[in-house]
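# Report on the structure
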Amino acid sequence: MTSITIAAPDDWHVHLRDDHMLTAVAPFTANAFRYALVMPNLVPPITSTAMAEGYRARILAAAGPDARADFTPLMGLYLNDDLVIEDLMAGVAAGIVIAVKYYPAGATTNSEAGGASLIGYQGVLEAMAEAGIPLLVHAESTDPDIDIFDREAAFLDTELAPACDAVPGLTVTVEHLSTRAGLDFVAGRDGVGGSITPHHLTCDRSDVLANGLRPDLYCKPVINSRDERMALASAAMSGNPSFFIGTDSAPHPLSHKETGRAKPGIFNAPYALEVIAELFYENDALGQLEAFLSLNGPAHYGLAAAESTITLRREEPAEAPPEIVTIGDGVDVRIFGAEAAGCWTVS
Ligand code: DOR
Ligand code: ZN
């Protein structure tokens with residue numbers, strides 16, 4: 001049996017939603033992770049400290065009886081014209097807000113209230129750089145003339161590079177990296193880190209498209225080619241401190257996934273650690289697991305790694321655990337990664 005003990009992991013990018021969905025999904029994150037950097041793309045979006053404080057209280061109330069003792073939601077504000085710099089500064093000073101998230105309007109779920117141009121927020125970005133507040137970026141062009149598989153690279157070239165050049169001291173996270181262009185952008189710039197999801201690490205577009213269309217694997221940015229996936233996996237397993245886990249766990253009811261126009265988003269929080277452990281195990285890279293799950297992320301955000309630990313044990317593959325969670329009223333959500341989860345126990 002293989003067993004590894006590491007500092008408790010953090011999730012640097014997660015969607016917990018609200019109401020019944022929050023109640024159903026928050027325990028999975030709270031049981032597995034110390035910190036959870038919670039995305040603000042609710043409807044309406046979380047654009048103020050007061051909204052973030054209320055949302056954080058609802059998350060803690062939903063965390064459930066088995067939540068880790070050190071589980072802590074970290075809140076981001078949604079960048080648009082409603083964000084007020086003084087309110088952001090007050091939220092950070094009060095320890096309620098830790099980051100600001102930029103969505104290009106129309107790029108993904110609940111991004112309609114996002115921005116038309118990142119550099120249009122230069123004043124906010126300068127204030128953030130001065131105060132050391134990180135910018136989290138959904139790096140995906142919405143230009144209809146650009147192929148969907150090239151939109152990460154396009155956004156980095158046309159939007160994020162100019163913003164980083166104009167505001168040099170800004171700490172930036174390129175979220176859910178999906179291409180080599182994204183990896184190169186992060187590796188080439190000081191103060192820029194990149195989160196990588198379990199699904200972009202383990203799936204490529206043939207998994208989505210080759211054997212019957214898989215709406216459960218539809219997310220934004222879209223899962224890209226095999227070559228891109230292998231580069232992402234190499235980066236994650238390299239120990240390079242610029243790369244760290246962000247699950248982008250994003251639950252949607254099955255009825256919104258298996259329908260005419262599937263919503264983008266993959267719910268992976270229940271088995272995210274097992275999926276990543278299995279990837280590292282298969283590649284003889286368990287020695288770098290702690291860096292990716294537990295050390296690189298906190299270092300990027302200027303925080304200490306967890307003092308608590310978890311132990312992951314690989315057992316003989318057992319029956320895979322459930323692939324569906326029911327959140328009430330006949331509403332089901334599909335869980336990513338059940339097969340890998342059958343090979344591991346986490347304690
Ligand atoms: O696939 C995605 N789903 N990507 C995102 O950026 C947002 C997320 C969601 O909120 O469902
Ligand atoms: Zn996301």
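The rules behind each value
Residues numbered from 1 in each chain as written. Chains lettered and ligands numbered in written order. Predicted model: local features only at pLDDT ≥ 70, side-chain atom pairs only at ≥ 80, totals over all residues. Heavy atoms only, no water. Axes fitted to C-alpha atoms, helices over the stretch in contact; angles between N-to-C directions. Helix = DSSP H or I, 4+ residues; strand = E, 2+ residues; numbered from the N terminus. Contact = heavy atoms within 4.5 Å. Nonpolar A, V, L, I, M, F, W, Y, C, P; charged D, E, K, R; others polar. Pairing = 2+ DSSP bridges. Right-handed = clockwise from strand over helix to strand, strands pointing away. Core = buried A, V, L, I, M, F, W, Y, C linked by side-chain atoms within 4.5 Å. Buried < 20%, exposed > 50% of the residue type's maximum accessible area, 1.4 Å probe, protein only. 1 Å grid on protein atoms, 1.4 Å probe; cavity = no way out; pocket = protein on both sides within 12 Å on 5 of 7 lines; lining within 4 Å. Points joined across faces, edges and corners; volume = space filled by probe spheres on them. Phe/Tyr/Trp six-rings, centres within 6.5 Å; stacked < 30°, edge-to-face > 60°. Lys NZ or Arg CZ within 6 Å of the ring centre and 35° of its normal. Donors = N, O, S within 2.8 Å, 3.2 Å for Na, K, Ca; no water.

## Quick notes on the packing of helix 11 (residues 272–282) against helix 12 (residues 289–300)
- Following both chains from N to C, one finds helix 11 and helix 12 inclined at 145°, their axes separated by 9 Å at the closest point. Facing Leu273, Ile276, Ala277 and Phe280 of helix 11, the residues of helix 12 in contact are Leu289, Phe292 and Leu293.
- Here the residues of the contact of helix 11 with helix 12 are counted per class, giving 7 nonpolar, no polar and no charged.

## Quick look at the pairing of strand 2 (residues 11–14)
- Direction of pairing for strand 2 relative to strand 3 (residues 35–38): parallel, over a ladder of 2 bridges. Across the sheet, residue Val14 finds its bridge partner in strand 3, namely Val38.
- The handedness of the strand 2 to strand 3 crossover, carried by helix 1 (residues 19–32), is right-handed.

## Describing the nonpolar core
- Core analysis: the largest hydrophobic core is formed by 90 residues, its most contacted members being Leu160, Val174, Phe280 and Leu289.
- Residues within four places of Leu289 in sequence aside, it is in contact with Ile4, Ile6, Ile276, Ala277, Phe280 and Leu312.
- Formed by 11 residues, the second largest nonpolar core is a distinct cluster that contains Trp12, Tyr35, Tyr78 and Ala99.

## Here we look at empty space enclosed by the protein
- Considering all chains together, one arrives at 3 cavities of 30 Å³ or more under this definition.
- Put simply, the largest cavity is a space of about 120 Å³.
- Lining the largest cavity are 19 residues, and of these His15, Thr108, Lys220, Asp248 and Ala250 lie nearest its centre.
- Among the residues forming the lining of the largest cavity, the class breakdown is 5 nonpolar, 10 polar and 4 charged.
- In terms of lining residues, the second largest cavity is bounded by Glu140, Ile148, Phe149, Arg151, Glu152, Ser178, Thr179, Pro221, Val222 and Asn224.
- Looking at the lining of the second largest cavity residue by residue, the classes come out as 4 nonpolar, 3 polar and 3 charged.

## As for unusual backbone geometry
- In this structure, the amide linkage connecting Val43 to the following residue, Pro44, adopts the cis form with an omega of -5°.
- Following Lys220, the chain continues into Pro221 via a peptide bond in cis, with omega recorded as -10°.
- On the secondary structure map, Pro221 appears in the loop between helix 8 (205–209) and helix 9 (226–237).
- The residue Asp19 is not glycine, and still its phi comes out positive at about 55°.
- Turning to its location among the elements, Asp19 is positioned in helix 1.
- Even without being a glycine, Asp284 presents a positive backbone phi close to 55°.
- Looking at Asp284, the relative accessible area reads 76%, which means it is exposed.

## Concerning the packing of aromatic side chains
- Under the defined criterion, the tally for this structure stands at 9 aromatic pairs.
- Lying across the ring of Phe149, Arg205 places its NZ or CZ 4.6 Å from the centre.

## A look at the coordination of the zinc ion (ligand 2)
- Every protein donor of the zinc ion (ligand 2) is listed here as His13 (NE2), His15 (NE2) and Asp248 (OD), and their distances to the metal cover 2.0 to 2.1 Å.
- Here the donor residues of the zinc ion (ligand 2) are spaced in sequence according to H-x1-H-x232-D. Residue His15 is located in the loop between strand 2 and helix 1, and its partner Asp248 is located in the loop between strand 9 (243–245) and helix 10 (254–257); the two are separated by 233 residues in the primary sequence.
- A relative accessible area of 7% places Asp248 in the buried class.

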